[in-house]
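Residue strings, one per chain:
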Amino acid sequence: ASIRLGDPDLALRFGSSFWGVPTILHHLVSSCATLGDALDAYIEYQSIERHSYRVSKRIDGDFVEILYSGDPSAGDDRFVVDFVFSYFSVRVARLAGARVHAASMEFSYDEPASTAFHERIFGCPLAFGRGRNSVRVRAEALSTPIPSANAEVRALLGDRLRALRETMERERRYSASVVECISRRTGGIAASESSVAKALGLGVRDLQNKLRGEGTTFASLRENFLRESALRYLSEGSLELKEIAYLLGFSEPSAFHRAFVRWTGMTPGAARGA
């Protein structure tokens, strides 16, 4: 949309006028006592919302540095960074009931032809091409009170988010272990549910129950892994189809061909040429 409209600042405009989604974390942040409390709560529970970025903080004397790190696939794209920073800037203003200026900001991308909109939104010294994305604020600014603070709501939602996070961590632990086992059972050898269960020291039924509790199945995890791996190999373009089939554990290229059509609705050859 930014390219089609010829507007390189579109993500800044979108972020600065986006009110957010009323998630549990959104309401928890609104119920915090101060901006510092809200920042800590967001950092603690941000993984629940599965964004393509993570926020962390570092104390530096009289300043607090808020660091943004993105998913390698998209998180450091200028438009993602612009959206996140502009949204958080106006979100902080709405929480505090007044604009809170940063002391300075750094952007990983090179300086745009015009920074007028950046300057209007952020109102602080800006530095570009620094290889990282960060915001520095005075520590005293984080003691700014939030008018919508509600200790009872904060405690209630904090308990709920803590339980959700613990559940998600358990899910990632088992699912990630299964995917790791599947990734090792390649090279003409198909990963089976029984072989993975054995590698994890579990019975097949035990493994099924654990994955069911995480909202997934062995078949789903295996197909997702094989599909994503196949698409990656095809996009790289350095391997023949029979070599990809072998690496993914298919005994015959024809079996890989049928599976790929089932996963994507197109043949491997068509996907490679797309």
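Residues numbered from 1 in each chain as written. Predicted model: local features only at pLDDT ≥ 70, side-chain atom pairs only at ≥ 80, totals over all residues. Heavy atoms only, no water.

Novice: Explanation requested: the overall build of the chain in the structure shown.
Specialist: Across its full length, the chain holds 13 helices and five strands. A globule of 274 residues ought to have a C-alpha radius of gyration of about 19 Å, yet the chain, at 23 Å, is considerably larger. On the principal axes, the C-alpha backbone points of the chain span a range of 65 × 45 × 30 Å. Buried residues in the chain amount to 38% of all 274 residues. Pairs at least 24 residues apart make up 60% of the contacts formed inside the chain by residues separated by at least 6 positions. Of the accessible surface of the chain, which amounts to about 15000 Å², a share of 54% is contributed by carbon and sulfur atoms. For the chain, the distance from the average site of its 35 positive side-chain charges to the average site of its 33 negative ones is 5 Å. (Helix = DSSP H or I, 4+ residues; strand = E, 2+ residues; numbered from the N terminus. Rg over C-alpha atoms; globule rule 2.2 N^0.38 Å. Buried < 20%, exposed > 50% of the residue type's maximum accessible area, 1.4 Å probe, protein only. Contact = heavy atoms within 4.5 Å. Areas by Shrake-Rupley, 256 points an atom, 1.4 Å probe, with all protein chains shown as cover. Lys, Arg positive; Asp, Glu negative; His and termini not counted. Charge placed at Lys NZ, Arg CZ, Asp CG, Glu CD.)

Novice: Honestly, the sheet that holds strand β5 (residues 133–138) in this entry has me stumped. Any pointers?
Specialist: Sheets are built from strands that pair by backbone hydrogen bonding, the pairs being arranged parallel or antiparallel. The strand order across the open sheet built from five strands is β1-β2-β5-β3-β4, with neighbouring strands paired in mixed fashion. At either margin of the open sheet sits one strand with a lone partner, and together these are β1 (53–60) and β4 (126–127). In this structure, strand β3 (residues 104–106) lies alongside β5, joined through three bridges in antiparallel fashion. For Met 105, the partnering residue across the bridge sits in β5 and is Val 135. Relative to the sheet, helix α4 (residues 35–45) contacts β1 and β2 (63–70), its axis offset from that of β1 by approximately 135°. (Pairing = 2+ DSSP bridges. Axes fitted to C-alpha atoms, helices over the stretch in contact; angles between N-to-C directions.)

Novice: So what exactly am I meant to see when it comes to the packing of aromatic side chains here?
Specialist: Each aromatic ring pair is characterised by the separation of its centres together with the angle its planes make. This model, assessed by the stated rule, comprises 18 aromatic pairs. Summarising the aromatic geometry, the rings of Phe 250 and Phe 256 are spaced 5.7 Å apart at their centres and angled 55° between planes, so their arrangement reads as tilted. Seen from their ring centres, Phe 250 and Trp 263 are 6.2 Å apart, and the 55° between their planes marks the pair as tilted. Placement of the pair is Phe 250 in the loop between α11 (241–247) and α12 (253–264) and Trp 263 in helix α12, with a sequence separation of 13 residues. Within the aromatic cluster, the residues linked to one another by ring pairs are Tyr 53, Tyr 68, Phe 85, Phe 107, Tyr 109, Phe 122 and Phe 128. (Phe/Tyr/Trp six-rings, centres within 6.5 Å; stacked < 30°, edge-to-face > 60°.)

Novice: Mind showing me how you'd approach the pattern of salt bridges here?
Specialist: Side chains that differ in charge, positive against negative, can pair when their charged atoms come close. Applying the stated criterion across every chain, the model contains 15 salt bridges. Across the pair Arg 78 and Asp 9 runs a salt bridge whose closest N-O atoms are separated by 3.1 Å. Here Asp 9 lies in the loop between α1 (2–5) and α2 (10–17) and Arg 78 lies in helix α5 (residues 78–96), a separation of 69 residues in the sequence. On the accessibility criterion, Arg 78 (15% relative accessible area) is buried. Two residues, Arg 154 and Asp 37, come together in a salt bridge whose shortest N-O distance is 3.0 Å. (Salt bridge = Lys/Arg side-chain N within 4 Å of Asp/Glu carboxyl O.)

Novice: Would you mind going over the environment of Gly 249 with me for this structure?
Specialist: Mapped onto the secondary structure, Gly 249 falls in the loop between α11 and α12. For Gly 249, a relative accessible area of 9% translates into the label buried. Placed 149 residues apart in sequence, Gly 249 and Val 100 show a C-alpha to C-alpha distance of 56 Å.

Novice: Can you walk me through the environment of Leu 211 in this structure?
Specialist: Residue placement: Leu 211 occurs in helix α9 (residues 204–213). Put simply, Leu 211 and Val 137 are 74 residues apart on the chain and 43 Å apart in space, counted from C-alpha to C-alpha. Aside from chain neighbours lying at most four places away, what touches Leu 211 is Ser 175, Val 178, Thr 216, Thr 217, Phe 218 and Leu 221.

Novice: Before we go on, may I ask you to explain the nonpolar core in this structure?
Specialist: By size, the foremost hydrophobic cluster in this structure holds 38 residues, and its most contacted members are Phe 85, Met 105, Phe 107 and Phe 122. Broken down by secondary-structure element, the contributors of at least two residues to this core are α3 (24–31), α4, β1, β2, α5, α6 (116–122), β5 and α7 (151–184). Here this core gets six residues from one element, more than from any other, and that element is α4. Beyond its immediate chain neighbours, meaning those up to four positions away, Phe 85 contacts Tyr 68, Met 105, Glu 106, Phe 107, Phe 122, Asn 133, Ser 134 and Val 135. Judged by nonpolar contacts, the second largest core, of 25 residues, contains Ile 182, Ala 191, Phe 218 and Phe 260. (Core = buried A, V, L, I, M, F, W, Y, C linked by side-chain atoms within 4.5 Å.)

Novice: It is not clear to me how α12 should be interpreted in this structure. Could you clarify?
Specialist: It helps to recall that an α-helix has 3.6 residues per turn; residues three or four apart then point in one direction. Between its terminal C-alpha atoms α12 stretches 16 Å, which fits the 16 Å expected from 12 residues at 1.5 Å a residue. Residues of α12 that are buried include every one of Phe 256, Ala 259, Phe 260 and Trp 263, and no others. Down the axis, α12 shows its buried residues gathered within 100° of arc, on one side only. When the buried face of α12 is taken as reference, the exposed residues oriented beyond 90 degrees from it are Arg 258 and Arg 262. As for α12, its buried residues are in contact with α10 (218–236), α11 and α13 (268–273). One or two steps after α12, the chain reaches Gly 265, where phi turns positive at roughly 80°. (Expected span 1.5 Å × (residues − 1). Arc of directions from axis to C-beta.)

Novice: Explain α5 here, please?
Specialist: A rise of 1.5 Å per residue sets the reference length of α5, with its 19 residues, at 27 Å; its end C-alpha atoms lie 27 Å apart and thus fit the reference within 8%. Here α5 has its buried residues at Arg 78, Val 81, Asp 82, Val 84, Phe 85, Ser 86, Tyr 87, Val 90, Arg 91, Leu 95 and Ala 96. N-capping of α5 is provided by Asp 77, with a side-chain oxygen placed 2.8 Å from the backbone N of Phe 79. (Polar contact = N/O pair within 3.5 Å; in protein donor to acceptor, adjacent residues only side chain to side chain.)

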